[in-house]
Amino acid sequence: MANKGLRVRSFQSGDYDIIKKYFSSCLLEPAPSAFLHVLNHPIPWTIWGTGVAFVAGGLTLFTKQHPPPTKYIVAATSIWSAAVVTWLHRISMGAYYNYTQWSLTQDMGHIPEYYQLEPIDESNKNNIIYAPKGEKNFFVCEDSTGAIAGFVALDYHPERPKRTGELRRMIVSPTHRRRGVAEFLIQALIKHAKKNDLQVIELGTSDVQYGAKKLYQKLGWKEHHRVFDEIYFIDVIKYELNLENAMQVSPAS
Ligand SMILES: CC(C)(COP(=O)(O)OP(=O)(O)OC[C@H]1O[C@@H](n2cnc3c(N)ncnc32)[C@H](O)[C@@H]1OP(=O)(O)O)[C@@H](O)C(=O)NCCC(=O)NCCS
């Protein structure tokens, strides 16, 4: 596919280093928003309030004064508040970092094997060219200079009642954003899914990935359900796109 100087093709082995670099850095971008989100969540506030009550009770016993001296209350509450904020910061950063590292040991560490890509040109050992064998694929978008602008993967779930694919690993390089790269990659993904008779494309994203949520909603994905992650205090949103209603793929593609 080609459009506005952009071109979408399947993964080649020479892409791997840059894909890994964008994947490792771009997936950490939502962490500050996740931290702000978690600071507003009632569960951490309940934990903080319970801690403050214990601090006040403990100081009453320790100093044998009721109420305990203000300077002790202020010092102990400050230490407890700092501990809670540090813990929340760690889990917000950790959520995305752990997920990224885990993904690199899964499909992202073995793209041709996992996405069932078959070598079609091995003449250059540093850049083996692949093509998809079936429903899955790993799409890469190049700009007019040949630089990688973004990528997205299509996974396949044969165990679902309907023929269901999953959009995963959607990343656009920071210098190529808001130029339609994600939309263009998704057009290619939908075209491939339709060619392989998929009926539904699902995906998951977190509640604080605001740009990604807007993107998927614009392209016709509907929220299906949410799963609250009790470790990271954040909703994971599952979206579905019914391919019968999916956007038209441009005839030029
Ligand atoms: C989300 C992301 C993939 C969007 O890529 P992109 O190439 O900039 O998106 P596009 O230019 O194709 O945008 C298409 C539409 O999506 C929406 N959109 C995309 N990014 C947006 C943002 N930051 N804020 C609001 N809307 C946004 C807009 O509706 C946009 O249409 P418009 O430009 O006509 O208003 C990119 O910002 C990214 O890689 N983010 C970090 C990683 C990430 O969150 N990935 C998703 C994992 S689930």
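Predicted model only: the values in this text are computed from it and were never measured.

What counts and how
Residues numbered from 1 in each chain as written. Predicted model: local features only at pLDDT ≥ 70, side-chain atom pairs only at ≥ 80, totals over all residues. Heavy atoms only, no water. Near = heavy atom within 4 Å. Polar contact = N/O pair within 3.5 Å; in protein donor to acceptor, adjacent residues only side chain to side chain. Areas by Shrake-Rupley, 256 points an atom, 1.4 Å probe, with all protein chains shown as cover. Helix = DSSP H or I, 4+ residues; strand = E, 2+ residues; numbered from the N terminus. Phe/Tyr/Trp six-rings, centres within 6.5 Å; stacked < 30°, edge-to-face > 60°. Lys NZ or Arg CZ within 6 Å of the ring centre and 35° of its normal. Axes fitted to C-alpha atoms, helices over the stretch in contact; angles between N-to-C directions. Parallel < 35°, antiparallel > 145°, perpendicular 65-115°, else oblique. Left-handed = near helix turned anticlockwise from the far one by under 90°. Contact = heavy atoms within 4.5 Å. Nonpolar A, V, L, I, M, F, W, Y, C, P; charged D, E, K, R; others polar. Buried < 20%, exposed > 50% of the residue type's maximum accessible area, 1.4 Å probe, protein only. Lys, Arg positive; Asp, Glu negative; His and termini not counted. Salt bridge = Lys/Arg side-chain N within 4 Å of Asp/Glu carboxyl O. Core = buried A, V, L, I, M, F, W, Y, C linked by side-chain atoms within 4.5 Å. Pairing = 2+ DSSP bridges.

Chemist: Looking at this structure, I do not really get the site of the ligand. What am I missing?
Modeler: Around the ligand, a shell composed of 19 residues is seen, among which M170, V172, R178, G180 and E183 lie nearest. One of the backbone N or O atoms of M170 is found 2.8 Å from a nitrogen atom in the ligand. Between the ligand and V172, the relevant distance is 2.8 Å, taken from an oxygen atom to a main-chain nitrogen or oxygen of the residue. Across the complex, the protein chains shield 77% of the 920 Å² of accessible surface that the ligand would expose by itself. Every element with two or more residues in the shell around the ligand is listed here: β7 (164-172), α6 (181-195) and α7 (210-218).

Chemist: Can you walk me through the packing of aromatic side chains in this structure?
Modeler: By convention here, two paired aromatic rings are described through the distance between centres and the angle between planes. Evaluated as defined, the whole model comprises 10 aromatic pairs. Taking the centre distance of 6.0 Å and the plane angle of 35 degrees together, the rings of Y99 and W102 count as tilted. Residue Y99 and its partner W102 are both found in helix α4 (residues 70-105); the two are separated by 3 residues, about one turn of the helix. Grouped by ring-pair contacts, the aromatic residues F11, Y114, Y115, Y130, F138 and F151 constitute a single cluster. K136 extends its terminal NZ or CZ atom over the ring of Y114, reaching a point 4.2 Å from the ring centre.

Chemist: Got a minute to help me understand the packing of α6 against α7 in this structure?
Modeler: Where α6 contacts α7, the axes come no closer than 11 Å and their chain directions differ by 45 degrees. By the angle between their directions, the pair α6 and α7 is classed as oblique. Here α6 and α7 pass one another in a crossing that is right-handed. Counted together, A182, E183 and I186 of α6 and L215, Y216 and K218 of α7 form the full contact between these two elements. Each residue belonging to the contact of α6 with α7 can be placed in one class, and the counts come to 4 nonpolar, no polar and 2 charged.

Chemist: Just to check I follow, could you spell out the side chain of D155 for this structure?
Modeler: Along the polypeptide, D155 turns up in strand β6 (residues 148-157). For D155, a relative accessible area of 2% corresponds to the buried category.

Chemist: I tried to follow the side chain of D143 on my own but got confused; where do I start?
Modeler: Position of D143 relative to the elements: it lies in the loop between β5 (137-142) and β6. Of the buried charged residues, D143 lacks a salt bridge, with R179 as the closest side chain of opposite charge at 5.8 Å. Apart from the residues lying within four places of it in its own chain, the contact partners of D143 are G5, L6, A149 and H176.

Chemist: Can you walk me through the nonpolar core in this structure?
Modeler: Generally speaking, soluble globular proteins have nonpolar side chains that are buried together. Within the largest apolar cluster, 31 residues are counted, with the highest numbers of intra-cluster contacts made by L167, M170, I186, I201 and W221. Elements with a contribution of two residues or more to this core: β2 (6-10), β5, β6, β7, α6, β8 (200-206), α7 and β10 (234-242). Residues contacting W221, with those up to four places away along its chain left out, are L167, I186, I190, I201, E202, L203, Y216, Y239, E240 and L241. Core analysis: the second largest hydrophobic core is formed by 19 residues, L27, L104, Y130 and F138 among them.

Chemist: Explanation requested: the pairing of β5 in the structure shown.
Modeler: Within a regular beta strand, the side chains point alternately toward one face of the sheet and then the other, so they alternate between its two faces. The element β5 is largely enclosed, with a buried count of 6 among its 6 residues. Where burial is concerned, the two faces of β5 agree: the one with N137, F139 and C141 and the one with F138, V140 and E142 are both buried. When β2 meets β5, the two strands line up antiparallel, connected through 4 bridges. When the bridges of β5 are listed, S10 appears paired with F139. Across 6 bridges, the pairing between β5 and β6 is antiparallel. When the bridges of β6 are listed, F138 appears paired with A153. Between the antiparallel neighbours β5 and β6 lie 5 residues, among them G146 with a positive phi of about 95 degrees.

Function-wise, these values are silent; they only describe arrangement.
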